[in-house]
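Topology and contacts: notes
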Amino acid sequence: MKVTIRPLVESDAYTSVKWRNDPEVFKYTGNTYKNEIKIENELEWIRKVTASPTDYRCAILADDVYVGNIYLTDIDGTSAHYHIFIGNKEYWGKGVAKQASLQILDYAFNKLKLTSVALRVRKANISALMLYKKLGFVEEKADDTWISMRVVAE
Ligand SMILES: CC(C)(COP(=O)(O)OP(=O)(O)OC[C@H]1O[C@@H](n2cnc3c(N)ncnc32)[C@H](O)[C@@H]1OP(=O)(O)O)[C@@H](O)C(=O)NCCC(=O)NCCS
């Protein structure tokens, strides 16, 4: 499967709004959506985050099908935070997240020249933890619920 990433565009909202309302996708993330996310909310969110100079917000495409989102946030010239979800669950477990992550990390280290990328993950999110370890993220600290990890430039 050919995986690519590209910056989010407003029309992505019509697909991603469906994922926002799927509790299984956001079960382990930092976001808990208590109310239904409406298309107006998702459009407004995309407009806001794509205008932010400290964010790099991308869509993940698998054979040209839009299947999830991947981001660098809090980009400060040295480091950034990484986030990912595959919203289309039919594409879980097919290596899509790994390929997309390698591409955004390449952008972080080789284009933005960052020295490290950090993330936070719930201990219970086994799939995400396996993915992050395979990408080279190393645990920095942990509490009962969360693990903080970081990968440094080679
Ligand atoms: C976590 C998530 C992004 C993983 O996406 P994915 O496309 O299914 O992951 P991949 O198929 O690329 O797997 C990457 C690696 O992790 C391993 N892996 C993934 N899930 C695993 C699991 N449940 N158990 C063991 N290994 C697993 C894969 O074997 C693969 O390793 P390999 O390249 O050596 O084969 C996806 O499940 C998801 O979007 N979950 C919901 C949102 C979420 O929790 N995001 C993270 C918030 S911190």
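Below, the structure is looked at part by part. As a convention, each chain's residues are numbered from 1 in the sequence order in which they are written. Local features in this predicted model are restricted to residues whose pLDDT is 70 or higher, and side-chain atom pairs enter the listing and the counts only when it is 80 or higher, whereas totals over whole chains, interfaces and linings include all residues.

Quick word on the overall build of the chain
Each helix is a run of DSSP H or I of at least 4 residues and each strand a run of E of at least 2, with the numbering of both proceeding from the N terminus. Scanning the chain for helices and strands turns up 4 helices and 7 strands. The secondary structure elements of the chain, listed N-terminal to C-terminal, are β-α-α-β-β-β-α-β-α-β-β. At 15 Å, the chain has a C-alpha radius of gyration in line with the 15 Å of a compact globule built from 154 residues. The buried share of the chain, taken over its 154 residues, is 27%. With C-beta atoms placed from the backbone, a contact is any residue pair whose C-beta atoms sit within 7 Å. Considering only contacts within the chain whose residues lie at least 6 apart along the sequence, 56% involve residues at least 24 apart. In this description the radius of gyration comes from C-alpha coordinates, and the expected globular size is given by 2.2 Å times residues to the power 0.38. Buried means a residue has 20 or more other C-beta atoms within 10 Å of its own C-beta, exposed means 12 or fewer, and partly exposed covers the counts in between; C-beta atoms are placed from the backbone.

A few points about the site of the ligand
Think of it this way: take the backbone, place a C-beta atom on it, and check whether that atom is within 6 Å of the molecule or strand, in which case the residue is near it. If you check the shell around the ligand, you find 21 residues, and the closest are Phe-85, Ala-97, Lys-98, Ser-127 and Met-130. Of all the secondary structure elements, the ones that give two or more residues to the shell around the ligand are β4 (79-86), α3 (96-111) and α4 (126-134). Broken down by element, the shell around the ligand gets its largest block of residues, 6 residues, from α4. When residues are grouped by polarity, Ala, Val, Leu, Ile, Met, Phe, Trp, Tyr, Cys and Pro land in nonpolar, Asp, Glu, Lys and Arg in charged, and all others, Gly among them, in polar. A breakdown of the residues in the shell around the ligand according to their chemical character gives 13 nonpolar, 5 polar and 3 charged.

A few points about the pairing of strand β2 (residues 56-62)
A regular strand carries its side chains on alternate faces of the sheet. Across the 7 residues that make up β2, a large majority, 6, are buried. A strand pair is defined by DSSP finding two or more bridges across the two strands. Two strands pair when backbone bridges link them, and strand β1 (residues 3-7) and β2 are joined in this way by 5 bridges, in the antiparallel orientation. Each residue of the ladder has a partner; that of Val-3, found in β2, is Ala-62. Between the end of β2 and the start of strand β3 (residues 65-73), which pair antiparallel, lie 2 residues, with Asp-63 showing a positive phi angle near 45°.

A few points about helix α1 (residues 13-20)
Turning to α1, its buried residues number three or more, namely Ala-13, Ser-16, Val-17, Trp-19 and Arg-20. Seen along its axis, α1 keeps its buried residues to an arc of 160°; they face one direction. Elements that come into contact with the buried residues of α1 comprise α2 (39-50) and β3. Taking the helix axis as origin, the arc is that swept by the directions to the C-beta atoms.

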